[in-house]
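# A structural walkthrough
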Amino acid sequence: MFSALSGDVPLVGRSTLLSDIEGTLGQDDVYGAFIYGDTGTGKSVMARHLLKRLQGEFAPFLVTPASALGAIPYGALGPFLTDATAEDMASPLSVLRMVMSFLRGRANGRPILVIVDDAHLLDDDSSHLLAQLVTSRTVRLAVFSRSVTPVSDELVSLCRDGLLERYDVAPLGYVEARELCTQVLGAGIVRGASDRLCDEASGNPLFLKAILDEALMNGSLTKPEGVWTLADGELNVPAALIDLVRAITLEMDDVERKAFDVLALGEVVAFADLVSVSSEEAVFALLSEGLIQSAPDNPAFAMHMHDLYGRIARKLIPVGRSNALHRELRSKSHLLPLPPRAQIRHALWSLDCGEPVADEQLLELAGLALTLLDPRSALRLASAVRAERLGVAAQVNRAIALFELSRLEESRNLSKGLLEEGGTPGLIAAAGVLEVRQLLAAGEDVARTEDIVARWSDALNALGPDSPDSPLPGEAEDSGPGKIPGGIFAEDLLTSEQHRVVTQGFGWNLIGRYGETVETLRPLITGGSSSQRVMVLAHAFLAEALGALGRGSEGRQHSATALTLAESNAQPMLDLHRLVFFRHVSLLVHSGDFLAAQQAVDEYAPGEGRDYSFISGSLAVLDAATDIRRGQFSSGLGKLRPALASLRVSDQDALLPYALGVTAWAAAALGQPELVALCSAELAHVQHRGSRQYSLLGRAFDDAAQTLLLRGARQSALLEYAAEAHGSGWFSCEKDILELATALGNEQSPELLARVSGTLEGAEADVLHAYASALVSHDAAGLAEAGDRAELFQKYLLATDACRRAMEAYAEVGDARSQRALAAVVRRRRGMIDGGLLVEPVELEGSSPLTSREREIALLALRGLSNKEIARSLTVSTRTVEGHLYRIYVKLGIGRREELAAELEPLLRGT
């Protein structure tokens with residue numbers, strides 16, 4: 001393990017930047033590079049990396065200034081001036097000559113490269129001398145400095161003059177952070193865990209390393225199934241980072257510290273307010289030091305450069321000081337409207353200080369926190385509500401927050417009876433949606449959604465139009481989580497009823513009654529709704545239903561609309577993004593648009609908040625399924641192992657049965673029977689959990705895995721599963737199952753696959769129809785063409801199988817030439833399959849295309865003998881061997897010796 005803040009942090013995510021810097025250092029018209037980066041971004045590691053890598057091309061020298069030497073003339077260049085006298089040091093010209101003599105004496109004629117780490121600590125005289133060396137073209141310079149800390153104007157001017165190229169070290173992205181975590185931990189980590197750690201560290205490698213060490217020490221990071229997972233709950237702050245922030249604050253004067261603390265406590269504060277409680281000079285100093293910044297979406301507000309700094313600073317601020325700062329900020333505030341997250345933070349600060357917050361405001365902010373995926377804040381805000389008349393609303397919010405925190409039993413106990421006790425349409429809707437989500441997460445019979453929706457309808461019918469709490473016109477609220485009950489009138493009732501209808505569609509989709517979903521939601525979408533949430537959900541569930549019915553093209557239009565509405569709405573709807581995005585990507589995967597699915601997964605960006613359990617589980621499963629349906633089993637299985645570990649902890653989409661089946665299929669293709677057995681055993685216990693379509697697909701993949709491992713030793717149930725899907729109208733599911741059966745050589749499945757794919761929408765369905773139809777009619781040319789089209793859609797398994805079967809069809813009519821032409825295609829496509837191959841190599845039949853001598857030479861070449869060795873073995877000239885090989889290449893349809901791969905041996909021996 002690496003030790004926290006020791007500097008021993010793996011260098012990841014910097015390869016491209018280092019290559020660019022090395023390229024710049026080798027240019028004739030540029031004399032170096034100026035590299036800026038925040039503390040902990042890896043500048044020192046990069047400096048030492050350059051020192052090591054450029055030893056051959058340059059004579060590199062490392063300069064490491066220290067703050068203690070900042071007041072000493074030429075203090076940073078002391079190692080180059082060991083022989084200097086006091087008289088020499090008094091003359092800048094003498095110092096320059098001595099430094100040049102030192103560098104040249106050790107360079108032995110090689111170009112000189114001076115690497116300066118922490119250039120912001122350079123004394124002025126050293127900076128001036130280094131600038132002179134660069135200006136005179138004596139040395140090349142690589143300067144590493146903090147991003148905003150002032151650096152010598154002379155060095156900075158070298159960038160302006162074009163002598164140095166400027167580079168900025170960016171924070172780590174999620175992929176790079178996962179690589180760093182893997183290197184530090186020595187094993188894989190679930191994607192959501194590494195993403196969360198990356199966000200916690202703001203992409204800073206040094207901070208990330210320290211947080212990793214702390215999580216390991218306190219047990220937050222565990223490896224129960226060979227994959228590192230992160231427990232829910234707030235992460236402990238490493239002591240080393242607390243010391244770092246404490247040291248930073250000790251260097252501030254009292255006014256700067258005041259501004260820093262106010263911003264830590266408030267998270268986001270208007271610059272005008274920050275200046276009011278401190279001073280313009282203090283705020284400017286914090287900006288200059290890179291400790292604070294403008295809010296990205298609102299430059300009128302300030303925030304810490306690193307969220308972690310603020311979180312740590314809050315722990316260091318005494319309660320009394322926090323209370324005093326809160327009172328002062330309130331008294332001097334310009335009352336600028338705060339951004340949503342800042343409203344939540346300021347309310348929590350008020351609660352910390354014992355200041356009163358209106359119950360209505362607490363309730364509203366609790367709902368806002370839920371939509372922003374901040375259930376911890378929501379739980380605290382809702383728990384602080386004291387008004388009895390708002391008790392049910394607060395209870396609904398607390399139950400939702402507990403559910404989001406994976407505290408399912410507590411959530412269910414708290415929410416019992418809320419559907420009937422809601423009292424307002426909005427609360428009834430929130431309680432009804434929560435009950436459905438609880439049922440799904442608990443793995444209970446999804447048919448019970450019918451009962452929940454019926455109780456919802458009864459609760460709405462029990463509300464009368466003569467309630468004394470009816471609000472004034474225009475006061476209706478959308479029925480998202482946490483809305484304050486404001487009375488009952490027609491628009492509230494309509495919105496709640498629309499939520500009920502949409503939730504009914506969700507339940508029907510789980511059961512598999514997709515046709516009813518389409519019939520119900522289409523009119524709702526056409527008629528519209530005043531609730532944006534209703535419209536988002538209606539489009540998402542309609543898209544899911546259409547995709548299952550095989551109308552993927554139409555379904556994608558609705559899922560894209562749902563995403564657009566969720567992302568563009570003025571009110572945040574991050575809580576809906578997961579639900580919509582899951583259905584959109586699932587539709588892409590199961591309609592065969594793997595490129596679009598992969599792009600969507602790679603670019604997953606929910607906005608302000610990230611649902612880490614979703615990233616670790618459901619999204620990772622869809623990502624893996626994309627790989628596996630391409631035939632890239634190894635990479636898919638690598639993603640599935642951590643996804644399964646995550647789903648066993650939190651599975652809000654009830655995707656575990658499907659994930660287990662897909663894992664078994666990938667494991668079988670890679671020849672891992674032990675993993676297949678484990679997945680099959682677990683699937684037997686959870687197979688009826690969640691969506692019935694996904695459950696059936698999971699069982700089908702598991703059956704295909706068993707069939708592949710025990711080929712010929714068992715009777716596959718795939719056709720029975722396909723018949724079940726057909727009888728239920730799940731035509732997309734039927735298509736997927738029949739494709740599996742066809743790949744496994746079932747003789748009846750091609751005709752069935754041709755029939756169902758001919759009724760479906762989309763390019764993948766067209767390819768499958770062409771492939772299956774050609775199989776039925778033994779159309780060799782049609783199979784070859786279908787294989788070409790399948791390859792374009794990255795369906796590499798089907799592309800390979802189509803080509804192989806085309807060779808068999810050509811063999812039936814004795815067309816050996818066409819067989820040979822396709823042999824190279826089969827060989828190339830097999831190389832696209834990452835892992836097991838489901839088919840045996842086809843053998844050419846009929847008369848030999850090669851003479852006995854050509855076959856003999858081809859086999860010797862295949863074994864690796866050179867032309868000279870073959871000639872010696874057969875007692876012929878090398879030129880004769882070369883002539884034979886040329887004719888062999890022509891007859892076999894290949895172009896070079898390397899294509900005589902081992903898989904051609906059966907063809908050669910069979911002739």
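The structure we're discussing is the one just above.
All values derive from a computational prediction rather than experimental measurement. (Residues numbered from 1 in each chain as written. Predicted model: local features only at pLDDT ≥ 70, side-chain atom pairs only at ≥ 80, totals over all residues. Heavy atoms only, no water.)

### Observations concerning the pattern of salt bridges
Within the structure shown, the criterion is met by 54 salt bridges. A salt bridge links E791 to R828, with the shortest nitrogen-to-oxygen separation between them at 2.7 Å. With E791 in helix α40 (residues 780–792) and R828 in helix α42 (residues 816–830), the pair connects residues that are 37 residues apart, well separated along the chain. Judged by relative accessible area, which is 42%, R828 ranks as partly exposed. (Salt bridge = Lys/Arg side-chain N within 4 Å of Asp/Glu carboxyl O. Helix = DSSP H or I, 4+ residues; strand = E, 2+ residues; numbered from the N terminus. Buried < 20%, exposed > 50% of the residue type's maximum accessible area, 1.4 Å probe, protein only.)

### Thoughts on the environment of L69
Inspection of the secondary structure assignment puts L69 in the loop between β2 (59–63) and α3 (86–89). What makes L69 partly exposed here is its relative accessible area of 31%. Along the chain, L69 and F271 lie 202 residues apart, while their C-alpha atoms are 36 Å from each other. In contact with L69, not counting residues within four places along its chain, are G75 and D123. (Contact = heavy atoms within 4.5 Å.)

### Considerations on helix α15 (residues 319–332)
Between the first and last C-alpha of α15 there are 20 Å, a value that for 14 residues agrees with the 20 Å anticipated at 1.5 Å per step. Those residues of α15 that fall on the buried side of the exposure criterion are S322, N323, L325, H326, E328 and L329. The inward-facing, buried residues of α15 contact α11 (254–266), β8 (268–270), α12 (271–277) and α16 (340–352). (Expected span 1.5 Å × (residues − 1).)

### Focus on the environment of V237
On the secondary structure map, V237 appears in the loop between β7 (229–230) and α10 (239–250). A relative accessible area of 11% means that V237 is categorised as buried. For V237 and L308, which are 71 residues apart along the polypeptide, the C-alpha to C-alpha distance reads 8.4 Å. Apart from the residues lying within four places of it in its own chain, the contact partners of V237 are E214, I242, R311, I312 and K315.

### Some words on the sheet that holds β2
Taken in spatial order, the 5 strands of this open sheet run β2-β3-β4-β1-β5, and their pairing is parallel. Each edge of the sheet is formed by a strand with only one pairing partner; in this case those strands are β2 and β5 (165–168). Mean inter-strand twist for the sheet, computed between neighbouring axes without regard to direction, equals 15°. Two elements, strand β3 (residues 112–116) and strand β4 (residues 140–145), share 4 bridges in a ladder whose sense is parallel. Of the residues in β4, the one forming a bridge with V114 is L141. Contacting β1 (32–36), β3, β4 and β5, helix α1 (residues 15–25) runs over the sheet at an angle of about 170° to β5. (Pairing = 2+ DSSP bridges. Axes fitted to C-alpha atoms, helices over the stretch in contact; angles between N-to-C directions.)

### Points about the nonpolar core
Membership of the largest hydrophobic core comes to 168 residues, with the highest contact counts inside it found for Y658, W665, L718 and I737. Ignoring any residue separated from it by four or fewer positions in sequence, one finds L718 in contact with A700, D703, A704, I737, L740, A741 and L744. If you look at the next biggest cluster of nonpolar residues, it comprises 57 residues, including L206, A259, L265 and C353. (Core = buried A, V, L, I, M, F, W, Y, C linked by side-chain atoms within 4.5 Å.)

### Points about the pairing of β4
Judged by how many residues are buried, β4 sits mostly within the fold: 6 of 6 residues are covered. Of the two faces of β4, both are covered, the one formed by R140, A142 and F144 as well as the one formed by L141, V143 and S145. Bridging between β1 and β4 involves 5 bridges; their strand directions are parallel. Bridged to A33 within β4 is A142. The parallel pair β3 and β4, bridged by helix α5 (residues 124–135), forms a crossover whose chirality is right-handed. (Right-handed = clockwise from strand over helix to strand, strands pointing away.)

### Quick notes on the packing of aromatic side chains
Inspection of every chain in the model, using the stated rule, returns 12 aromatic pairs. Summarising the aromatic geometry, the rings of F34 and Y36 are spaced 4.7 Å apart at their centres and angled 10° between planes, so their arrangement reads as stacked. Among the residues examined, F34 registers a relative accessible area of 0% and is labelled buried. Taking relative accessible area as the criterion, Y36 reaches 6% and is therefore assigned buried. Ring centres of F581 and Y604 lie 4.9 Å apart, and the angle between their planes is 55°; on these two criteria the pair is classed as tilted. A residue pair is termed long-range when its members are at least 10 positions apart, and F581 in helix α28 (residues 574–590) and Y604 in the loop between α29 (594–602) and α30 (612–616) qualify at 23 residues. For F581, a relative accessible area of 6% gives the class buried. Ring-pair connections join several aromatic residues into one group, and the members of that group are F582, Y658, Y694 and F701. Positioned over the ring face of Y31 is R137, at 5.1 Å from the centre of the ring. Above the face of the Y31 ring, R140 is positioned so that its terminal group lies 4.6 Å from the ring centre. (Phe/Tyr/Trp six-rings, centres within 6.5 Å; stacked < 30°, edge-to-face > 60°. Lys NZ or Arg CZ within 6 Å of the ring centre and 35° of its normal.)

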